[in-house]
Amino acid sequence: MTVDASATAGSPTPPALTERQEARRQRILRATQQLAARGGFDAVQMREVAELSEVALGTLYRYFPSKIHLLVATMQDQLEQLHDQLRRKPPVSPDPGERVAETLMRTFKALQREPHLAEAMMRALTFADRSVSAEVDSVNRLITDVIADAVHTGRPLTRSELAAVRVVTHTWHSTLITWLSGRASISQVKADIDTACTLISQAATTE
């Protein structure tokens, strides 16, 4: 499943959680992250997540109906943290394509620190079906927002920029998969990202 920046509309808004519920949800996500970082996708088992986060198994299933829901939500949480870091310390190049390339390489370096976790989250995205569409849409929106903020902050993307962002997003997804599978080095990843991001620069000059 390719993460598509265009497939982000129409998802229902989940009900707001109470402070106690949000704290419980964060414990669950931290437990998932710890298990995945240790052993990847197969290490994340619902019963072990429940035990590590100190919630009842039935409660865990009310929050996350499946392991796929859980890992996609974990990726959403990781991207939100990364987005906050990028907002605090954004790339400074005057060229929008170079800013996007730097942003995505910082994302890769963050994932490189926890390769088993990255593998688990990407496998979950690949296996996600329609029952996980709301969570996948949230990940899509976050990836688009991260790239859009690197293009420019404060105004919507133009049509040309949005088209370029979609191509860059597809490239990000495919290079991440090839890197995780051991079929590409970080230098190859950077070369592909840099090439795709020239589309961003070109789009910015044509508007």
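As annotated in an unreviewed UniProt entry, the chain carries the name TetR family transcriptional regulator and comes from Catenulispora yoronensis.

Engineer: Before we move on, could you go through the UniProt feature "DNA-binding region" (unreviewed entry) in the chain and cite the residues and values that matter?
Structural biologist: Within this numbering scheme, the UniProt entry marks residues 45-64 as carrying the feature "DNA-binding region" (unreviewed entry). As annotated, residues 45-64 comprises 75% helix and 0% strand, and the C-alpha atoms at either end are separated by 12 Å.

Engineer: Please set out the environment of Ala124 residue by residue, giving values where relevant.
Structural biologist: Tracing the backbone shows Ala124 in helix α6 (residues 115-127). Put simply, Ala124 and Gln26 are 98 residues apart on the chain and 19 Å apart in space, counted from C-alpha to C-alpha. Filtering out sequence-adjacent residues up to four positions away, Ala124 remains in contact with Phe41, Ile68, Leu71 and Val72.

Engineer: Kindly report on the nonpolar core, identifying the contributing residues and their values.
Structural biologist: By size, the foremost hydrophobic cluster in this structure holds 56 residues, and its most contacted members are Val100, Trp172 and Ile193. Apart from residues lying up to four places away in sequence, Trp172 is in contact with Met75, Leu104, Thr107, Phe108, Leu111, Ile143 and Ile193.

Engineer: For the environment of Thr198, give the residues involved together with the corresponding values.
Structural biologist: Residue position: Thr198 is located in helix α9 (residues 186-206). Residue Thr198 is classed as partly exposed on the basis of its relative accessible area of 36%. At a separation of 2.5 Å, a polar atom in the side chain of Thr198 contacts the main-chain carbonyl oxygen of Thr195.

Engineer: Break down the packing of α6 against helix α8 (residues 159-180) for me, citing the residues and quoting the values.
Structural biologist: Taken N-terminus to C-terminus, the directions of α6 and α8 make an angle of 125°; their axes are 10 Å apart at the nearest point. By the angle between their directions, the pair α6 and α8 is classed as oblique. In terms of crossing hand, the pair formed by α6 and α8 is left-handed. Of α8, the residues touching α6 (which contributes Pro115, Ala118, Glu119 and Met122) are His173, Leu176, Ile177 and Leu180. Each residue belonging to the contact of α6 with α8 can be placed in one class, and the counts come to six nonpolar, one polar and one charged.

Engineer: Describe the UniProt feature "domain: HTH tetR-type" (unreviewed entry) in the chain, listing the residues and the values that go with them.
Structural biologist: The UniProt record annotates "domain: HTH tetR-type" (unreviewed entry) at residues 22-82. Helix and strand shares over residues 22-82 are 80% and 0% respectively, and the end C-alpha atoms of the span are 19 Å apart.

Criteria and cut-off values
- Residues numbered from 1 in each chain as written.
- Predicted model: local features only at pLDDT ≥ 70, side-chain atom pairs only at ≥ 80, totals over all residues.
- Heavy atoms only, no water.
- UniProt positions renumbered as here; feature names shortened; annotations may be inferred.
- Helix = DSSP H or I, 4+ residues; strand = E, 2+ residues; numbered from the N terminus.
- Contact = heavy atoms within 4.5 Å.
- Core = buried A, V, L, I, M, F, W, Y, C linked by side-chain atoms within 4.5 Å.
- Buried < 20%, exposed > 50% of the residue type's maximum accessible area, 1.4 Å probe, protein only.
- Polar contact = N/O pair within 3.5 Å; in protein donor to acceptor, adjacent residues only side chain to side chain.
- Axes fitted to C-alpha atoms, helices over the stretch in contact; angles between N-to-C directions.
- Parallel < 35°, antiparallel > 145°, perpendicular 65-115°, else oblique.
- Left-handed = near helix turned anticlockwise from the far one by under 90°.
- Nonpolar A, V, L, I, M, F, W, Y, C, P; charged D, E, K, R; others polar.

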